[in-house]
Amino acid sequence: MFRSLFIKSLKRQRSFTTTSPLSKSILSHEIIQKTPTDNTSQYKSSIFFLHGMLGSRQNLRTFARKVANTYPGTKCVLLDLRAHGDSPSFNEDLQSHTVDDCAQDILTWINEMNIQPNVLWGHSFGGKVVLSMLNSIENTDNLPTSAWVIDSQPGLVDLKGFENNTNVHSVESIINIVSKLNTPFKNKDDVMQQLDAYGIDRGIQTWMTTNVKRVNDTTEYDWKFDIDVIKKLFVDYCNKDMWKYMGKEARKDVDLHLVRGTKNPFWQKETTINQLDLALKDNQRFAVHDVDAGHWLHAEKPKELFDVMVDGGLEKSLHLD
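Residues numbered from 1 in each chain as written. Predicted model: local features only at pLDDT ≥ 70, side-chain atom pairs only at ≥ 80, totals over all residues. Heavy atoms only, no water.

Peer 1: Which residues make up the overall build of the protein chain, and what are the values?
Peer 2: Regarding its fold elements, the protein chain presents twelve helices and ten strands. Overall, the protein chain is about 55 × 50 × 40 Å in size when its C-alpha atoms are taken along their principal axes. Burial statistics for the protein chain: of 321 residues in total, 53% are counted as buried. About 15200 Å² of surface is accessible on the protein chain, with carbon and sulfur atoms providing 48% of the total. Measuring between centres, the 38 positive side-chain charges of the protein chain sit 6 Å from its 41 negative side-chain charges. (Helix = DSSP H or I, 4+ residues; strand = E, 2+ residues; numbered from the N terminus. Buried < 20%, exposed > 50% of the residue type's maximum accessible area, 1.4 Å probe, protein only. Areas by Shrake-Rupley, 256 points an atom, 1.4 Å probe, with all protein chains shown as cover. Lys, Arg positive; Asp, Glu negative; His and termini not counted. Charge placed at Lys NZ, Arg CZ, Asp CG, Glu CD.)

Quick look at the structure:
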């Protein structure tokens, strides 16, 4: 009975989304939040969503709306990482472009916007940014209650070289292919046709069309991201071993969750299994969850991922008033 009334109340809620003006110092973002009709059921907390390599906040809107609908009042903060989406690349200012730099960008944004996350959520590259953020926060009062690392490889990733990776659908190959395409594109079909010439499958072609924007007032398109910076970020991601931040050097005052897409072959590697077992032994607040999906599990199996998060204590982390 209560559940039925709760679902009916969700349908009556109004939603609003705010988007930041782009500036040199503030990452581009939007906040998705549902306003409840009953103030007694309002959640007064925030969950930050961080996308993966070559993505943007746009890729996470559908899943964030699911969280916002379920926990009215929660601020679901979606951020474009540096050189992605509508955020600046900082390419003129910095020689360094690393996972840690991306974490510091967000910590600076938090201080400027005065919005503290109760929950951190990061997919793939964004998952390592989450781990770096946790390691960098000095004031324990500002620590989130929980953090979710979504199918991110915490350890070292084998770099074959952008020109040498023969797996056309690997991130390394796609970054290399993107850097070779002829821009600006005549239209979004042109994006897909050029990718198709390299053997990229239809699903990735369609996804990549979400990462282009119109060139000024023309009908042509160009990438939203800065591919030169992304190459540097990807190399740092692959060379950064963060297993210790899930195990013996993890923040012991934060619930840490790793969600694996079981169809991702990375999780079947013997070295990965051994490192995961060690992290679980060293960190009593670390939990591992499985979703029967590939790497893009938030898009492929959003309900299953959401259910895993609910079972993992998401509501408690969001502090119901």
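Right, picking up where we left off after that structure.
Peer 1: I'd like to hear about the nonpolar core, residue by residue, with values.
Peer 2: Counting 68 residues, the largest nonpolar core has I106 and V129 as its most contacted members. Counting 26 residues, the second largest nonpolar core, distinct from the first, contains I32, A64, V67 and M309. (Core = buried A, V, L, I, M, F, W, Y, C linked by side-chain atoms within 4.5 Å.)

Peer 1: With reference to specific residues and values, describe the pattern of salt bridges.
Peer 2: Between side chains of opposite charge, a pair can form as their charged atoms come close. Overall, the coordinates contain eleven salt bridges when judged by the stated rule. As a salt-bridge pair, D86 and R57 come within 3.7 Å of each other at their nearest N and O atoms. Of the two residues, D86 sits in the loop between β4 (75-79) and α3 (99-113) while R57 sits in the loop between β3 (46-50) and α2 (61-70), which places them 29 residues apart along the sequence. You can call D86 partly exposed: its relative accessible area is 32%. On the basis of relative accessibility, which here comes to 7%, the residue R57 falls in the buried class. We note a salt bridge from E163 to K180, for which the minimum N-O separation is 3.4 Å. Taken together, the residues E163 in the loop between β6 (146-150) and α5 (171-180) and K180 in helix α5 connect sequence positions 17 residues apart. (Salt bridge = Lys/Arg side-chain N within 4 Å of Asp/Glu carboxyl O.)

Peer 1: Lay out the packing of aromatic side chains in plain terms, naming residues and giving numbers.
Peer 2: By convention here, two paired aromatic rings are described through the distance between centres and the angle between planes. All chains considered together, the criterion is met by twelve aromatic pairs. With a centroid separation of 6.1 Å and 45 degrees between ring planes, the pair formed by F162 and F234 is classed as tilted. Of this pair, F162 sits in the loop between β6 and α5 while F234 sits in helix α8 (residues 227-239), and the two are 72 residues apart along the sequence. Overall, F162 belongs to the buried group, its relative accessible area being 18%. By relative accessible area, which is 7% here, F234 ends up buried. A network of ring pairs unites the aromatic residues Y43, Y71 and F306 as a single cluster. Its guanidinium or amino end placed over the ring of F306, K66 lies 5.0 Å from that ring's centre, counting from NZ or CZ. (Phe/Tyr/Trp six-rings, centres within 6.5 Å; stacked < 30°, edge-to-face > 60°. Lys NZ or Arg CZ within 6 Å of the ring centre and 35° of its normal.)

Shape is all these values report; function is a separate question.
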